[in-house]
Amino acid sequence: MRVIVPVAVAVQVLAVAAAHAQTRLWSVRFGTPVYDSPFDLLEDGQGGVFVSGVSGGLGGPSRQNWLARFDSEGSRQWQVPVGDPGRAGPPTLAPASGGVHVLSGFSSALLESYSESGDRNWSEYLVRTSEAVVAVGDGSEGVYVAGIDFGFRVSRRDAEGQLVWETTLPLAEFVEFGGWGWSADGEGGLLLAGTTYSPIVAPLTGNSDPWVARVGPDGTLLWVKQRGDWEGIVTLRPVNGGFLQGGYGGLTDRSLIGLFDLDGDPIWQTEIDSPMDLETVEDVLALPDAGVLALVQRVPDLRPKWSDDYSTWLVRLDANQNVLWTRNINANSIFIGLRLAPTDAGGVILAGWVAGPLGGGYVEDDSDAFLARYWLCLPDLTSSAVASDPGYGVPDGRVNNDDFFYYLGQFAAGNAAVCDLTDGSVLGQPGYGTPDGVLNASDFFYFVDFFVRGC
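Basis of the calculations
Residues numbered from 1 in each chain as written. Predicted model: local features only at pLDDT ≥ 70, side-chain atom pairs only at ≥ 80, totals over all residues. Heavy atoms only, no water. Helix = DSSP H or I, 4+ residues; strand = E, 2+ residues; numbered from the N terminus. Buried < 20%, exposed > 50% of the residue type's maximum accessible area, 1.4 Å probe, protein only. Expected span 1.5 Å × (residues − 1). Arc of directions from axis to C-beta. Contact = heavy atoms within 4.5 Å. Polar contact = N/O pair within 3.5 Å; in protein donor to acceptor, adjacent residues only side chain to side chain. Pairing = 2+ DSSP bridges. Core = buried A, V, L, I, M, F, W, Y, C linked by side-chain atoms within 4.5 Å. pLDDT = per-residue confidence, 0-100.

(A) The arrangement of unusual backbone geometry in detail. The phi torsion at A290 lies on the positive side, around 75°, for a residue other than glycine. As for its position among the elements, A290 is in the loop between β23 (278–286) and β24 (292–298). Since its relative accessible area comes to 53%, A290 is described here as exposed. The phi dihedral of Q321 is positive, around 65°, even though this residue is not glycine. Along the chain, the position of Q321 falls in the loop between β25 (311–317) and β26 (323–328).

(B) Molecular detail of the environment of S255. Its location among the elements puts S255 in strand β21 (residues 254–261). When its relative accessible area of 0% is taken as the criterion, S255 is described as buried. Once the C-alpha coordinates of S255 and E271 are considered, the two residues, 16 residues apart in sequence, prove to be 5.8 Å apart.

(C) The arrangement of the environment of F50 in detail. Examined against the element boundaries, F50 turns out to sit in strand β4 (residues 49–59). On the accessibility criterion, F50 (3% relative accessible area) is buried. Taking the C-alpha atoms as reference points, F50 and G99, separated by 49 residues in sequence, lie 8.9 Å from one another.

(D) Quick look at helix α1 (residues 401–412). For α1, with 12 residues, the first-to-last C-alpha span of 16 Å sits near the 16 Å given by 1.5 Å per residue. Burial in α1 covers these residues: D403, Y406, Y407 and Q410. Axial view of α1: buried residues confined to an arc of 95°, hence all on one face. In α1, the exposed residues that point more than 90 degrees away from the buried face are N401 and A412. At its buried positions, α1 is contacted by α2 (416–419) and α3 (441–453). Looking at where α1 begins, the residue whose side-chain oxygen comes 3.0 Å from the main-chain nitrogen of D402 is N400. With its phi angle positive at about 75°, G414 sits one or two positions after the end of α1.

(E) Spotlight on the pairing of β21. In terms of residue burial, β21 counts as a mostly covered element, since six of its eight residues are buried. The pairing of strand β20 (residues 242–249) with β21 spans eight bridges and is antiparallel. Bridge pairing links F243 to F260 in β21. In terms of strand pairing, β21 meets strand β22 (residues 266–271) through five bridges, oriented antiparallel. In the strand pairing of β22, F260 is matched with P266. The loop that links β21 with its antiparallel partner β22 comprises four residues; one of these, G264, has a positive phi angle of about 85°.

(F) Geometry of the nonpolar core. Residues L293, L314, W325, L340 and Y374 are the most contacted members of the largest nonpolar core, which totals 28 residues. Taken together, the elements giving at least two residues each to this core come down to β24, β26, β28 (348–355), β29 (367–375), α1, α2 and α3. Residues contacting L314, with those up to four places away along its chain left out, are L293, A294, L295, W325, T326, R327, I329, L340, L350 and Y374. The next biggest cluster of nonpolar side chains, apart from the first, holds 17 residues, and it includes V154, W165, L171 and W182.

(G) Inspection of the confidence of the model for the protein at higher detail. Summarising the model, the protein shows a mean pLDDT of 82, and 80% of its residues fall at 70 or more. Low pLDDT, under 50, characterises residues 302–306; the stretch is placed with six contacts to residues that sit more than four places away or in other chains. Predicted confidence is poor over residues 358–362, with pLDDT under 50, and the contacts of this stretch with residues over four places away or in other chains come to 20 contacts.

Given below as structure tokens:
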């Protein structure tokens with residue numbers, strides 16, 4: 001039976017009018033009077049998302065995991081408690097036929113399956129993988145589970161949660177996961193990443209090295225690589241014939257993205273070149289034009305904990321790894337972005353948590369879950385060029401003359417919220433695609449360039 005989360009959970013839906021071309025179409029803030037944070041995000045195949053997280057205000061004095069579903073317009077369809085109160089680690093998600101698998105890890109790991117309407121189909125305690133922290137779809141309605149329990153253990157379970165196989169991987173004694181370092185490999189196997197404090201296949205470059213491994217559909221460890229040229233691997237995402245890897249490191253300790261083949265060898269690696277101190281890639285998605293969208297965290301040096309200088313950015317790269325645009329998405333508060341999910345109608349849904357009241361600073365134990373949908377087509381600004389029309393300033397998924405004349409009119413009116421797009425008009429130039437607070441010819445020609453490209 002479905003159990004609805006109590007109405008004490010507040011929901012604030014904010015529809016957002018067009019500002020920059022990377023428009024936030026809507027945002028949703030929800031939670032309890034205590035702390036609430038999402039942890040994982042998974043598209044539902046209908047333009048919406050499943051989102052899982054942790055709350056300090058749902059299970060009495062104990063923390064409680066939860067699972068929710070939101071549609072493509074930001075309306076919450078349902079929210080249910082999952083896992084055991086007070087005993088579960090943050091919940092990870094994996095696709096299931098007609099719904100979603102949820103793994104509440106750490107002690108007494110519990111794997112559950114929920115329908116698309118929020119009803120629990122089944123649950124299974126994983127007695128031999130008590131500290132499981134990863135759930136990944138296996139491509140055939142089953143799920144991989146991985147964790148550390150007297151060795152690095154991986155199991156595969158069918159669509160009903162029954163064990164297919166289980167194995168302990170021959171990794172170093174001191175290994176741990178990092179960020180969201182797990183993904184399907186696109187060919188029925190599993191990709192895992194984390195940190196090792198002892199050599200796996202090569203001497204350590206310092207006190208620790210990031211590592212990434214690939215496991216085949218039968219549980220065979222196909223390969224493991226140490227990434228001594230990275231400081232940390234935070235996220236993995238499959239692409240055709242390979243995978244994207246996001247994290248941080250390099251000579252200047254900045255955010256890094258790499259594309260690797262399924263043998264773990266690099267095709268390219270790049271450091272995001274931006275005027276901001278963008279330190280960590282939290283998540284990354286491959287785009288249809290062979291470009292990349294990155295969710296990047298700015299954590300400035302010499303800052304107090306949770307200072308207002310913390311910020312989250314969306315960065316879009318083209319197929320040649322050039323930065324096309326960089327946008328601050330902090331929602332006028334301290335916002336920590338965590339995960340991205342593509343939508344079937346274009347754009348992306350983002351999950352994270354926001355601290356303190358909107359427009360204010362951090363308040364201890366006053367953080368809420370936050371979802372937002374962004375439309376990524378830069379020149380699509382409006383449905384009509386007539387100011388009195390309902391679609392004025394609202395993207396419609398098309399690029400035409402209405403968008404051009406809308407931008408021209410806003411530019412003439414000095415509307416920086418719409419028209420300030422860049423600090424330079426030359427691709428590869430520092431500041432390209434980053435608003436600088438000044439309207440000039442660079443902004444106009446930057447827009448024209450994207451208008452000619454279309455979406």
